[in-house]
Amino acid sequence: MVSLTEIRTHNATLKSLSSGLVAIFVGGTSGIGLSTAREFVRNTNSPHVYLVGRNQAEATRIIGELREINPTSQLDFIKSDVSLLKNVDEACRQIKEKEQKVNLLFMTVGYVTFQGRDETEEGLDRKFAVHYYARIRFLQNLSPLLTAGANSPDPTLTLSRAVSVLDPKIGRAGRPNFSDLSLKDNFTLRNCATHASAMNNFALEHFAQTYPGTSFVHAYPSIVGTGAMRGLGTAWTAAWKVGGMLLKPFMVDLGESGERHLFAATAPRYAPRARAERVEDVAKGGDDVKGSGSYQLNWDGETLPDSKTAATLRAEDAEKRIWTHTEEVFKKVCEESGKY
Ligand SMILES: NC(=O)c1ccc[n+]([C@@H]2O[C@H](COP(=O)([O-])OP(=O)(O)OC[C@H]3O[C@@H](n4cnc5c(N)ncnc54)[C@H](OP(=O)(O)O)[C@@H]3O)[C@@H](O)[C@H]2O)c1
């Protein structure tokens, strides 16, 4: 376990970097995204932060709060429902219009539901879209800017990292159905969780191979008291209040979660493949190779060792098959018919 003392010591060092880190928080209007954005703003010099979400009123309140924490920060809100890939492309277009580089892409967009498949006009399930397709589309669109971040002439500003907060463990234990990766015909909440998790794991390994100057993290946050249950209606929200009290001893405090995720987003041990050799305590990647550039983290900052199932999937070319499918979805939705 990475101790909170070590995490706080590292996070405080970010103040010694030059000013002007650029960070995008997709899902920054609530929960772990907001808590991490708060720590990022507190610990950096004149950062430029973009919050992406739908809730304008919350975003306005949060921007006021973050400005008080660090008056040198520049804060923007992009109001967007990113369950549609066309909206992801538009959000990225707005970012690219203003920025030459991005240092951190931090993605927590998601929600809890007990409903079955809920198909968007683009032919994807809404929950699966925000947990996987939208995140990977942000990554694909912004990778050139993340590479530009890695190549900064200022050696203190070469941070270049993408973090997807979901759960790498589920996809390491279960097998995705390769004949129906988008779950058009085989949707269950369990299958959705397995696919989103495994596909995040393997897509991030794909990106680590393609963009060696950037590092990629898929992080499990543990149980954190956030707004994640708010879409379930009053009965479930009330039940969660009671359940939450019982679970409290096993939960991670929201503020601590923000500090831990800032560490995941900036600590040198999760180095990009191209820089790994220079880092003494570099972590093992999801493929068990030290410094391979794509890391799967437990809530406490420790990397997860490769699992038997994941190793078998890797031998079966899972990364390539998942990436081929993802490109096919992006092509159909974003370039051809607008629908998968
Ligand atoms: N909290 C936990 O215990 C826990 C445990 C395991 C995994 N996770 C995963 O961690 C991630 C973050 O969870 P959290 O607890 O921080 O959740 P949260 O408090 O509900 O925050 C989710 C964020 O996603 C945004 N969002 C949701 N749907 C969106 C859409 N269609 N378009 C744009 N933004 C959207 C929300 O913003 P708006 O409301 O402004 O749209 C909000 O900022 C989720 O993927 C969750 O599954 C959480």
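Anything mentioned here points back to the structure above.
Note that the structure is a prediction, hence the values are computed from the model and not measured.

Draft legend 1. Structural view of the side chain of Glu99. Along the chain, Glu99 falls in the loop between helix 4 (85-98) and strand 4 (104-107). Although Glu99 lies buried, it forms no salt bridge, and the closest oppositely charged side chain, Lys98, sits 6.9 Å away as judged by the N-O distance. One polar contact links Glu99 to His48, side chain to side chain, over a distance of 2.7 Å. Leaving out residues up to four positions away in the same chain, Glu99 has contacts with Val22, His48, Tyr50 and Leu145.

Draft legend 2. Expanded view of the site of the ligand. For the ligand, the set of nearby residues contains 29 residues, the closest of which are Thr29, Ser30, Ile32, Arg54 and Thr226. Contacts to the ligand include Gly27, whose backbone N or O atom sits 3.2 Å from an oxygen atom. In the model, a nitrogen atom of the ligand is placed 2.8 Å from a nitrogen or oxygen of the Asp81 side chain. Here the ligand has 890 Å² of accessible area as a free molecule, and 90% of this is covered by the chains. Elements with a minimum of two residues in the shell around the ligand: helix 2 (31-43) and helix 5 (126-150).

Draft legend 3. Representation of the nonpolar core within the structure. Within the largest apolar cluster, 51 residues are counted, with the highest numbers of intra-cluster contacts made by Leu105 and Phe138. When residues of this core are traced back to their parent elements, those giving at least two are strand 1 (22-26), strand 2 (48-53), helix 4, strand 4, helix 5, helix 7 (189-210) and helix 11 (318-335). Looking at which element gives the most residues to this core, the answer is helix 5, with twelve residues. Sequence-distant contacts of Leu105, that is, excluding residues within four places in its chain, are made with Ile24, Val26, Phe138, Leu139, Leu142, Leu146, Arg161, Ala162 and Val163. By size, the runner-up hydrophobic cluster in this structure holds 42 residues, among which are Ala23, Ala37, Leu104 and Val163.

Cut-offs used in this document
Residues numbered from 1 in each chain as written. Predicted model: local features only at pLDDT ≥ 70, side-chain atom pairs only at ≥ 80, totals over all residues. Heavy atoms only, no water. Helix = DSSP H or I, 4+ residues; strand = E, 2+ residues; numbered from the N terminus. Buried < 20%, exposed > 50% of the residue type's maximum accessible area, 1.4 Å probe, protein only. Lys, Arg positive; Asp, Glu negative; His and termini not counted. Salt bridge = Lys/Arg side-chain N within 4 Å of Asp/Glu carboxyl O. Polar contact = N/O pair within 3.5 Å; in protein donor to acceptor, adjacent residues only side chain to side chain. Contact = heavy atoms within 4.5 Å. Near = heavy atom within 4 Å. Areas by Shrake-Rupley, 256 points an atom, 1.4 Å probe, with all protein chains shown as cover. Core = buried A, V, L, I, M, F, W, Y, C linked by side-chain atoms within 4.5 Å.

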